[in-house]
Amino acid sequence: QVQLVESGGGLVQPGGSLRLSCVASGFTFSSYAMNWYRQAPGKEREFIAAISAGGTTSYAVSVTGRFTISRENAKKMVYLQMNSLKVEDTAVYYCNGNRMGRQYWGQGTQVTVSS
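Once a new chain begins, its residue numbering starts again from 1 and follows that chain's sequence as written. The model is predicted, so local features are restricted to residues of pLDDT at least 70 and side-chain atom pairs to those at 80 or more, both for listing and for counting; the totals for chains, interfaces and linings are taken over all residues. Water and hydrogen atoms were dropped before computing side-chain values, which therefore reflect all heavy atoms in the structure.

A. Region of the structure containing the side chain of aspartate 89. Secondary structure is summarised from DSSP: a helix means a run of H or I of at least four residues, a strand means a run of E of at least two, and numbering begins at the N terminus for each. With respect to the secondary-structure elements, aspartate 89 resides in the loop between strand E8 (77–82) and strand E9 (91–99). Not counting the four nearest positions on each side in its chain, aspartate 89 is found in contact with Arg38, Arg66, Phe67, Ser84, Val111 and Val113. Two residues qualify as a contact provided that any one of their heavy atoms is within 4.5 Å of a heavy atom in the partner residue.

As structure tokens, then:
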């Protein structure tokens with residue numbers, strides 16, 4: 001059974017940091033590109049960051065320089081380090097695995113940035 005389970009969300013003040021984690025099971029994790037998306041209330045789900053099977057990373061313009069994606073294939077984990085958080089980063093964050101059009105999604109973790 002394929003599962004992606006996110007954790008690490010919560011409430012943080014503007015300027016603060018959070019580290020999201022996602023643990024995978026049920027598929028060949030090391031062969032998949034792994035991505036983070038987010039969805040704010042009333043908005044479309046948007047791409048945030050990606051890391052290829054080979055470790056190449058890419059980011060949305062809105063988070064470049066503030067967020068860092070990484071992976072540990074041995075642990076089947078993908079991370080999103082989020083620094084200098086802004087109120088507009090408030091959203092549900094989703095982990096995604098993608099390979100040749102086959103996609104898997106986690107259930108999401110809430111991140112709220114507020115003073």
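Back to the text.
B. Geometry of the nonpolar core. Within the largest apolar cluster, 29 residues are counted, with the highest numbers of intra-cluster contacts made by Trp36, Val78, Leu80, Met82 and Tyr93. Sorting the residues of this core by element identifies strand E3 (18–25), strand E4 (33–39), strand E5 (46–51), strand E7 (67–72), E8, E9 and strand E11 (109–113) as the ones contributing at least two each. Ranked by the residues each element gives to this core, the list is headed by E3, at four residues. When sequence neighbours within four positions are dropped, the list of residues in contact with methionine 82 reads Gly16, Ser17, Leu18, Leu20, Arg66, Phe67, Tyr93 and Val111. Side-chain atoms within 4.5 Å link the members of a nonpolar core, which is a set of buried Ala, Val, Leu, Ile, Met, Phe, Trp, Tyr and Cys residues. For every residue, the accessible area obtained with a 1.4 Å probe (protein chains only) is divided by the maximum for its type, and the residue is called buried under 20%, exposed over 50%, and partly exposed between those limits.

C. A look at the sheet that holds E7. Overall, antiparallel pairing links the four strands, which are arranged E1-E3-E8-E7 in an open sheet. In this open sheet, the two edge strands, each paired with only one partner strand, are strand E1 (3–7) and E7. When the angles between neighbouring strand axes are averaged without regard to direction, this sheet yields 15°. A pair of strands counts as paired when DSSP detects no fewer than two bridges linking them. Only the stretch in contact is used when a helix axis is fitted, and all axes are lines through C-alpha atoms; the angle between N-to-C directions ranges over 0 to 180 degrees.

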